[in-house]
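Examination of the molecular architecture
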Amino acid sequence: MRSLSLIPVLAMAAALTACGGGDDKPSTPDTQTPATTTQAAESYAGTYRSQCEGTPVQVASTKAKLEHYVEYKMTPLNANQLRMELRQIFFAIGTQCNGTPVGELVSNNPDNTITLKGQKTATLSGQMVTAHKAIGIERPIGGSHVVSPAGYVTLNDLEIPGDYFTVDETDKGILFLQGNRLYLNFDNTPLDAEGYPTTFTDRYIIRQ
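Let us look at the structure shown here. (Residues numbered from 1 in each chain as written. Predicted model: local features only at pLDDT ≥ 70, side-chain atom pairs only at ≥ 80, totals over all residues. Heavy atoms only, no water.)

**Section: the overall build of the protein chain**
- A tally of helices and strands in the protein chain yields zero helices and 12 strands.
- Listed by position from the N terminus, the elements making up the protein chain come as β-β-β-β-β-β-β-β-β-β-β-β.
- Looking at the protein chain as a whole, 47% of its 208 residues are labelled buried.
- For the protein chain, the computed accessible surface area is about 9,100 Å², with 49% contributed by carbon and sulfur atoms. (Helix = DSSP H or I, 4+ residues; strand = E, 2+ residues; numbered from the N terminus. Buried < 20%, exposed > 50% of the residue type's maximum accessible area, 1.4 Å probe, protein only. Areas by Shrake-Rupley, 256 points an atom, 1.4 Å probe, with all protein chains shown as cover.)

**What to know about the state of the cysteines**
- Under the counting rule described, the total for this entry stands at one disulfide.
- A sulfur-sulfur separation of 2.1 Å characterises the disulfide bridge that pairs Cys 52 with Cys 97. Here the S-S torsion is close to 80°, and the disulfide linking Cys 52 with Cys 97 is therefore right-handed. Of the two residues, Cys 52 is situated in the loop between β1 (46-49) and β2 (53-59) and Cys 97 in the loop between β4 (81-92) and β5 (103-107); the sequence distance between them amounts to 45 residues.
- Judged by its relative accessible area of 29%, Cys 52 falls in the partly exposed class. (Disulfide = S-S within 2.5 Å.)

**Looking at the nonpolar core**
- In this structure, Tyr 44, Tyr 48, Tyr 72, Met 74, Leu 116, Leu 175 and Leu 182 are the most contacted members of the largest nonpolar core, which totals 18 residues.
- Contributing elements (two or more residues each) for this core: β3 (62-78), β4, β6 (113-124) and β11 (181-185).
- In this structure, Ala 122, Leu 124, Ile 174 and Tyr 183 belong to the second largest nonpolar core, which totals 11 residues. (Core = buried A, V, L, I, M, F, W, Y, C linked by side-chain atoms within 4.5 Å.)

**Some thoughts on the pairing of strand β10 (residues 169-178)**
- Judged by how many residues are buried, β10 sits mostly within the fold: seven of 10 residues are covered.
- In the sheet, strand β7 (residues 127-138) pairs with β10 via seven bridges, with the strands oriented antiparallel. Paired with Ile 137 across the strands is Thr 170, a residue of β10.
- Of the strand pairs in this sheet, β10 and β11 are connected by five bridges, and their pairing is antiparallel. Residue pairing across strands places Ile 174 opposite Asn 185, the latter belonging to β11.
- Once β10 ends, the chain turns through two residues before running back antiparallel as β11, passing Gly 179 with a positive phi of about 65°. (Pairing = 2+ DSSP bridges.)

**A few points about the pattern of salt bridges**
- The tally for this structure, following the rule as stated, stands at five salt bridges.
- Glu 85 serves as the salt-bridge partner of Arg 83, at 3.7 Å between the closest nitrogen and oxygen.
- Take Arg 83: its relative accessible area is 22%, and that puts it in the partly exposed class.
- Since its relative accessible area comes to 23%, Glu 85 is described here as partly exposed.
- When the shortest N-O distance is used, the salt bridge between Lys 133 and Glu 194 registers 3.1 Å. Taken together, the positions of Lys 133 in strand β7 and Glu 194 in the loop between β11 and β12 (205-207) put the pair 61 residues apart, joining distant regions of the chain.
- Since its relative accessible area comes to 10%, Lys 133 is described here as buried.
- By relative accessible area, Glu 194 is classed as partly exposed at 45%. (Salt bridge = Lys/Arg side-chain N within 4 Å of Asp/Glu carboxyl O.)

Structure, rendered in structure tokens:
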């Protein structure tokens, strides 16, 4: 998935940043096998947050920047499926995402889901870990966020490209939870024979 979009989980992060993650180098991965029982989806339940990042926006036809972080809320629907809600919260540049936000975008279509599809091995920081395979679905944004004819959503006179949340995607990805860090990859190659990524980047989102 793309930057500023679902996962991303999906760009759901985190290469879902491209959807956001941590800058710190991870510790040696715990290679324990993730849950395969009815708690598989439940093990990922919670609210996660990405790092603070700069976001290019359009202001009166000139390029500018905001800072933002992405908040991910994952709610189990059944043993192997999670609903995903995302909030992108925007701040003035140079604030490190502190203070009063200038606006936010919400992606909470009920069809935004991550479905777990069994397990596979993947590489994280040079170590082999057992990850969950997943199918991530992101549907176009609805509700009160109106995309202008020019293709922008306006927040406090800042025009943000509306296609950030109007994408309709179905992506294959992998997830691995290490403590409160969730590593996910719905973007990066190489892919295996089934079309799932084989490696994680060092980026992650943090369970709050």
